[in-house]
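Now for the letters of each chain:
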Amino acid sequence: MGSGGREHALAWKLAQSPKLTKLFAAPGNPGIAEHAELVDLDPADHRATVDFCVANAVELVVIGPEAPLVGGLSDALRTMAIPVFGPNRIPAQLEGSKGFTKDLCARVGIPTARYVRASDRLAALSALDDFSLPVVIKADGLAAGKGVVIAETHEEARQAVEEMFEGSFGTAGSAVVIEEFLRGEEASFFALTDGETVLPFGSAQDHKRVGDGDTGPNTGGMGAYSPASILTPELEERAMAEIVRPTIRALAEQGTPYSGILYAGLMLTADGPKLIEYNARFGDPECQVLMMRLESDLLELMLATAHGRPAEAEPPRFSRDAALTVVMAATGYPGTPEKGGRIARLDAAAAKGATIFHAGTALSGGELIANGGRVLTVTARGRSVAEARDAAYAAVEAVEFPSGFYRSDIGWRELGRSSSRLAGQEQPVG
Ligand code: AMP
Ligand code: GLY
């Protein structure tokens, strides 16, 4: 279920499974259509989705985006004994409500930023006094990655609160979380779980700002690479022990087990990893780089997870290669993107060794056009992040998309690290 670059990457990987008999995608996109039969279903229409699955004897439903998860599509399917990859409505509140997550963290002692929840304007304004600057103000509900303001001044902070309660994020902003600003570098960490067993599922680093050098407004993500070497095996084990496992345990103990993929947005601070946010799904575009590196059978892992026995599948195995993806977006994104821009030469781009996942495309009279903010995610593998970057950008440059744009510095943090590591190395003799 879904229609973005994440879902194209999932469909691409599922289609490689020898166990797959038939793949439907709803609503899908022209890229996904190469691997699946497209079905005109709205993931918000639970009744129609359940009916379709029953009529077609669907054996597994994979839900890509957060909205249907938070809306309870998994519950509707599970009630009809249809296996699902993705959490039910209540555990999906880890993404659906920032306050839900912060309260859970406080209850079981998970390291995260100090916070106050407020559901009215005056309480929020007075809570601001308890925080030094910069201070972080978040709309409680789903806001497509845009409901977070990092205020550098008291005036900006007050204005952010006023705007949220005036409805600038719709109902998502009818409650807010105000929290301490954390310093450090961010990494995304993924875990596969049926609510009991928890298996690490790789790491990545996203690039959320629209412009080079991490400037401009936040987006859904303009590019990513995997693995995030900054999340060392030691830090990963701490994140599992201090953050992810206690969360999964707490949800199971309250009778609302979490099943699916859990995405932990981490800040690697001087005191160790701290949770910034959870998502109840794969990241987009983080999923694209994970799928490029995944060597195991995704279908087998998802089926085993949906049936409550992930440990019976072969443990997730990732290539030692790196993968990097560059998002090509339509002019105007993350504001109002220009629709209908012509896209061509994807074959020439793929010939450079990249895989091009469609994020927001459509067909119009046989021509491929832009139909969304993020339009393509151009993804490549390499022995290092630098190699993957070179391959991905060679392909990006081959794509003809005159009304599009992209960041030219995806992977810059990692590339900076590897070049300083190389500079510090002794040169071999001979
Ligand atoms: P979120 O939607 O919670 O992931 O927030 C979006 C982005 O805002 C994160 O990726 C961080 O870059 C930043 N952010 C959120 N919370 C904090 C925090 N407490 N301290 C520093 N940066 C934050
Ligand atoms: N790329 C960030 C997200 O999927 O939430």
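Let us look at the structure shown here. This is a predicted model, so every value here is computed, not measured.

1. A word on helix α13 (residues 385-398)
Right, on to step 1. Its 14 residues place the ends of α13 20 Å apart at the C-alpha level, agreeing with the 20 Å of an ideal helix rising 1.5 Å per residue.
Right, on to step 2. Of all the positions in α13, only Val385, Ala388, Ala391, Ala392, Tyr393, Ala395, Val396 and Ala398 are classed as buried.

2. Comments concerning helix α9 (residues 233-253)
Right, on to step 1. With 21 residues, α9 ought to run about 30 Å at 1.5 Å a step, and its terminal C-alpha atoms sit 28 Å apart, in line with that.
Right, on to step 2. Its maximal kink placed at methionine 240, α9 deviates by approximately 40 degrees.
Right, on to step 3. For α9, every residue scored as buried is listed here: Ala239, Met240, Ile243, Val244, Pro246, Thr247, Ile248, Ala250 and Leu251.
Right, on to step 4. For α9, the elements touching its buried residues are α5 (93-96), α6 (98-108), β9 (185-193), β10 (198-206), β14 (260-269) and β15 (272-279).
Right, on to step 5. Note on α9: the residue one or two positions beyond its end, glycine 255, has a positive phi of about 85 degrees.

3. Quick notes on the site of ligand 2
Right, on to step 1. Surrounding ligand 2, one finds Asp206, Gly220, Tyr263, Asn279, Arg281, Gly283, Asp284, Pro285 and Glu286.
Right, on to step 2. Take aspartate 284: an N or O atom from its main chain is 2.9 Å from an oxygen atom of ligand 2.
Right, on to step 3. In the model, a nitrogen atom of ligand 2 is placed 2.9 Å from a nitrogen or oxygen of the glutamate 286 side chain.
Right, on to step 4. In isolation ligand 2 exposes 200 Å². Once the protein is present, 90% of that is buried.
Right, on to step 5. Residues that form the shell around ligand 2 fall into these classes: two nonpolar, three polar and four charged.

Reading guide: rules and limits
Residues numbered from 1 in each chain as written. Chains lettered and ligands numbered in written order. Predicted model: local features only at pLDDT ≥ 70, side-chain atom pairs only at ≥ 80, totals over all residues. Heavy atoms only, no water. Helix = DSSP H or I, 4+ residues; strand = E, 2+ residues; numbered from the N terminus. Expected span 1.5 Å × (residues − 1). Buried < 20%, exposed > 50% of the residue type's maximum accessible area, 1.4 Å probe, protein only. Bend = angle between axes of the 7 residues up to and from the residue. Contact = heavy atoms within 4.5 Å. Near = heavy atom within 4 Å. Polar contact = N/O pair within 3.5 Å; in protein donor to acceptor, adjacent residues only side chain to side chain. Areas by Shrake-Rupley, 256 points an atom, 1.4 Å probe, with all protein chains shown as cover. Nonpolar A, V, L, I, M, F, W, Y, C, P; charged D, E, K, R; others polar.

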